[in-house]
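# Structure at a glance
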Amino acid sequence: MLSVKPFLSKNSALIGESGLNESSHTCCFKSATFSSVTPYVNFPVFLGSNHGAGFLLLLRCFANSIHDVTTSAFGSVVQGKLAAFGDFNADKHTDIFTLSDDGKTLKLFTATSDRTSTEFKFTETVLLTSSSEDVFTNVVPADFNGDTQMDLFVTTQKLPASNTAVNGCVYWGSLSKGSILDHSDKLCLSEMLNDQPSVLDMNGDMIPDLMGENSGGVRQYWIFHKDTKNYTVQPVPGSLPALTHPTAGAFVDIDGDLAADFCVMSVKDGKRQLEVWMNILSFFHLLALVSDSTIEILLPVCDDDLCTKSFIYLYLSNRISPWTKLPISFKAGSQDWGFVPPSKGLDGAPITLRTGDYNLDGFLDMVVVLQSTDSKGNLTRKALILQNIPCNDAACDGLGRSFSVRWDLSLHPSADLAVYPAFFDYRENGILDIILTTYSKDKKYHTHLLEQEFSEDANFLKIMVVSGLCFGNCPKDREPYGVNQYGPVVKYTTQDVEGKTITGTATQLSQSAYTPLQLPYTIFGLGQTPNFVDKIEAGIPNPPGSGIRKKSWSSIIPNSQLIIIPYPNDDPSSWKYKMFVTPSRMVMLTGATLLGTCGFIAGLVGVLHWREKVEDKKEKLQEAHKFHFDAM
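Residues numbered from 1 in each chain as written. Predicted model: local features only at pLDDT ≥ 70, side-chain atom pairs only at ≥ 80, totals over all residues. Heavy atoms only, no water.

In the annotation of an unreviewed UniProt entry, the entry for the protein reads T-cell immunomodulatory protein, and the organism field reads Magallana gigas. According to its UniProt record, the protein has this under Subcellular location (unreviewed entry): "Membrane". (UniProt positions renumbered as here; feature names shortened; annotations may be inferred.)

Close reading of the predicted structure is inappropriate where its pLDDT is low. Of all residues in the protein, 83% have pLDDT values of 70 or greater, and the mean over the chain is 82. By mean pLDDT, the top-scoring element of the protein is strand β17 (residues 219-224) (96), and the lowest-scoring one is strand β1 (residues 15-17) (28). Per-residue pLDDT stays below 50 along residues 285-293; that stretch engages in 37 contacts with residues further than four places along the chain or on separate chains. (pLDDT = per-residue confidence, 0-100. Helix = DSSP H or I, 4+ residues; strand = E, 2+ residues; numbered from the N terminus. Contact = heavy atoms within 4.5 Å.)

Right, let's talk about the state of the cysteines for a bit. Here a disulfide denotes a covalent bond joining the sulfur atom of one cysteine to the sulfur atom of another. Within the structure shown, the criterion is met by four disulfides. Here C169 engages in a disulfide with C188; their sulfurs sit 1.9 Å apart. Taking the sign of the torsion about the S-S bond as the criterion, the disulfide between C169 and C188, at about 95°, is right-handed. With C169 in strand β13 (residues 167-173) and C188 in strand β14 (residues 181-188), this pair connects stretches of sequence that are 19 residues apart. The disulfide partner of C302 is C307, and the gap between their sulfur atoms is 2.0 Å. With the S-S dihedral at roughly 100°, the linkage between C302 and C307 falls on the right-handed side. The class for C302 is buried, based on a relative accessible area of 0%. For C307, a relative accessible area of 1% gives the class buried. Sequence-ordered numbering of the disulfide-bonded cysteines in the protein gives the connectivity 1-2, 3-4, 5-6, 7-8. (Disulfide = S-S within 2.5 Å. Buried < 20%, exposed > 50% of the residue type's maximum accessible area, 1.4 Å probe, protein only.)

What follows is about the packing of aromatic side chains. Taken as a whole and assessed by the stated rule, the structure comprises 16 aromatic pairs. Relative to F109, the ring of F74 has its centre 5.4 Å away and its plane inclined at 90°; by these criteria the two rings are edge-to-face. With F74 in helix α1 (residues 70-74) and F109 in strand β9 (residues 105-111), this pair connects stretches of sequence that are 35 residues apart. F109 shares its class with F74; the two are buried. Look at F471 and Y567: their rings are 6.4 Å apart centre to centre, the planes differ by 50°, and that puts the pair in the tilted class. Placement of F471 in the loop between β37 (459-465) and β38 (489-495) and of Y567 in the loop between β43 (560-565) and β44 (576-581) is noted, with a sequence separation of 96 residues between them. A network of ring pairs unites the aromatic residues F74, F109, F122 and Y426 as a single cluster. Taking the ring centre of F363 as reference, the NZ or CZ of R401 above it sits at 3.5 Å. (Phe/Tyr/Trp six-rings, centres within 6.5 Å; stacked < 30°, edge-to-face > 60°. Lys NZ or Arg CZ within 6 Å of the ring centre and 35° of its normal.)

Peptide bonds are trans in most cases, and residues, glycine excluded, mostly fall at negative phi. For the bond from H245 to P246, the omega torsion is 0°, close enough to zero to count as cis. Put simply, Y567 and P568 share a cis peptide bond, and its omega is -10°. Assignment of secondary structure puts P568 in the loop between β43 and β44. We note that T515 has phi near 50°; this positive angle belongs to a residue other than glycine. Following the sequence through the fold, T515 ends up in the loop between β39 (501-507) and β40 (522-527). Exposure remark for T515: the relative accessible area of 5% places this residue in the buried category. Backbone geometry at S555 places phi at a positive 55°, although glycine is not the residue there. Structurally, S555 is set in strand β42 (residues 549-556).

Among the surface-exposed residues, E612, E615, D616, E619 and E623 lie close enough to one another that they form a single negatively charged patch. Using a relative accessible area of 44% as the deciding quantity, one classes E615 as partly exposed. (Patch = residues over 30% accessible without salt bridge, like charges linked within 9 Å, V, L, I, M, F, W, Y side chains within 5 Å. Areas by Shrake-Rupley, 256 points an atom, 1.4 Å probe, with all protein chains shown as cover. Salt bridge = Lys/Arg side-chain N within 4 Å of Asp/Glu carboxyl O. Lys, Arg positive; Asp, Glu negative; His and termini not counted. Charge placed at Lys NZ, Arg CZ, Asp CG, Glu CD.)

Following this line, the structure appears as structure tokens:
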């Protein structure tokens, strides 16, 4: 259940009030609306917070280089488009899903060896093919029946695709067949959807559910259940406006209580608005955003149809006009750049800003596609990194931080059009690399893997929360991980080198529609702070009427990967975690220094002990000589 109040102030230059009657349905409903000045207002990006870090955490430019390792990693050039990430075979390595150019073939690239190996390869497997006019448009890996085997929810469209309407089917993973899906074992939704649905956990059973509009424009939940390959339909209560198309939604913790809330974009009287449904005792209520939110909300905006004038706004609830434009320059020399305008159809998608701490300094950066047209009408689309930087001048209006486009960091040839860039931890070492789909001159999609040569000795914390539906008693003795879990919230608290408290918060897999390409884990950059992490906290969605389920752990080793297993779900005191440590150069040097010091001390003790034995022997000889002399 959800309820709604104004998310944005009516005093804002961009925001008005929707004017819905609060008593018109069971949940009070007001929401922020965006004026017609901005024809494209896209879904916000939710940045995990890092409060109190100041400017002490390894502030630097991207001095590290990147190089293309596609051939060595995949064995050949990868044709097709990125679709999703997930550990399909539960070996703790992230696999890659891709779609063919025509959208009729879904492939899986499975990790075949340790990521630290120089001979690492991915193995290609065809998972699904379409023999009809339907084409695959989106792939959501998750466990929809709680058997710890990853399933796939796939949306399809019929050609030619002139709108956003889709059909959806769940292809059930097979415990006996391993990394192969049984094409005949599937469950399709009984009705067509107006657009790609959002994934959330409606009832807190750790089984993903869906929320979207049916073909009649009615919002519904499709709720899946444990140990059954079926679903129940439940309408979203209230008289609600239509969702935007392309749709945009997120299952993310807004108020910092470690329980995921839900946000979605809708249209009222021709104006787009952001609905925020807060989780209160696992009953969702659409309410105002609280002032102590620990998640920053960024909103990409276009000021014209072609997005030649593009901006990013930051929501600050403590200001009279809460939406503040960040001072980001999208101009390189004399050339103006902007976002790629949203469109409908097979390649249509909202503007997407994908986040990740690329330099591990504790502040999230972004990778985005920008486009520009020269005087001759030639179109260029580039994947670029927006680096999170300090900002203290007047243009920043007291914000403290902003983003700078890294024009000097080239991710692909200029002749190729960037389509889907994303962060990806190739070596599973906590360092984010780049994986990128481009559209080349040969009129085909190609996916490239770019590995970052990270030379700085920064630290990180990598956390993945699994379903916790089993532990030690999983079907077929399967490990308790290997499925993408939507909605868990993780938070860390520690101190930097000067003793100041820093915190970071993130929601795992918050988005699912239109190829968000989020990783099934969270990587927190810690900067040059090799101290133990004082505390981490994890929370999972809770059943209706129950309290928040969460647990904390203390003294966590940095540069480690934690797999948190919330088993049993209703007993947080019994939750466990597995830790896999990746020593950094600083840790190795510290260990070498410690061993060297211990060796030196041991050697010194040995020399002193030997000298003492020599002196003792001399004294005994002297004593023996003195004895015989006296006897004479």
